[in-house]
Amino acid sequence: RSRRGGTGRDRGHAGSAMDPPSAAGLGGADPQLQRFIEVETQKQRFQQLVHQMTELCWEKCMDKPGPKLDSRAETCFVNCVERFIDTSQFILNRLEQTQKSKSAFSESLSD
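The model shown is predicted, which means the values in this text are computed figures rather than measured ones.

Right, let's get into the nonpolar core. Of all hydrophobic cores here, the largest spans nine residues; its members are Met53, Cys57, Cys61, Met62, Ala73, Cys76, Phe77, Cys80 and Phe84. Counting only elements with at least two residues in this core, the list comes to helix H1 (31–61) and helix H2 (71–110). It is H2 that contributes the most residues to this core, five residues altogether.

And the structure:
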């Protein structure tokens, strides 16, 4: 069930087959090339997040598309985007804490 009209869903960009190689996997490659790949990877991740957020909020907030947003739909979109950002930030912070605790644990084992 899609409320987008005839646009359909394009899932081709979300697959891991299109992900660029990580900069860490390049070993002794040029540092400038590594940095370029890191930046491009971040751009791709950001675009994927925007796509996910747009799809999620559209499905949740748009009952019937019209020439302009009514106040209910506008409020719904604002809340949806804010909760999406909050959730994404929470997940990133949680992953960062997990990585720090794993590295601290690894360092204590190697001592």
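The next point concerns the state of the cysteines. For the structure shown, the criterion picks out two disulfides. Covalent S-S linkage joins cysteine 61 and cysteine 76, the inter-sulfur distance amounting to 2.0 Å. Between cysteine 61 and cysteine 76, the S-S torsion sits near -75 degrees, and that sign places the bridge as left-handed. Of this pair, cysteine 61 sits in helix H1 while cysteine 76 sits in helix H2; the two residues are 15 residues apart in sequence, bridging distant segments of the chain. When its relative accessible area of 0% is taken as the criterion, cysteine 61 is described as buried. Across the protein, the way the bonded cysteines pair up, counted in sequence order, is 1-4, 2-3.

Within the structure shown, the criterion is met by one aromatic pair. Taking 6.4 Å as the distance between ring centres and 45 degrees as the angle between the ring planes, the aromatic pair formed by tryptophan 58 and phenylalanine 77 counts as tilted. Of this pair, tryptophan 58 sits in helix H1 while phenylalanine 77 sits in helix H2, and the two are 19 residues apart along the sequence. For phenylalanine 77, a relative accessible area of 17% translates into the label buried.

Definitions and cut-offs
Residues numbered from 1 in each chain as written. Predicted model: local features only at pLDDT ≥ 70, side-chain atom pairs only at ≥ 80, totals over all residues. Heavy atoms only, no water. Core = buried A, V, L, I, M, F, W, Y, C linked by side-chain atoms within 4.5 Å. Buried < 20%, exposed > 50% of the residue type's maximum accessible area, 1.4 Å probe, protein only. Helix = DSSP H or I, 4+ residues; strand = E, 2+ residues; numbered from the N terminus. Disulfide = S-S within 2.5 Å. Phe/Tyr/Trp six-rings, centres within 6.5 Å; stacked < 30°, edge-to-face > 60°.

These results come straight from atomic positions and should not be treated as a statement about function.
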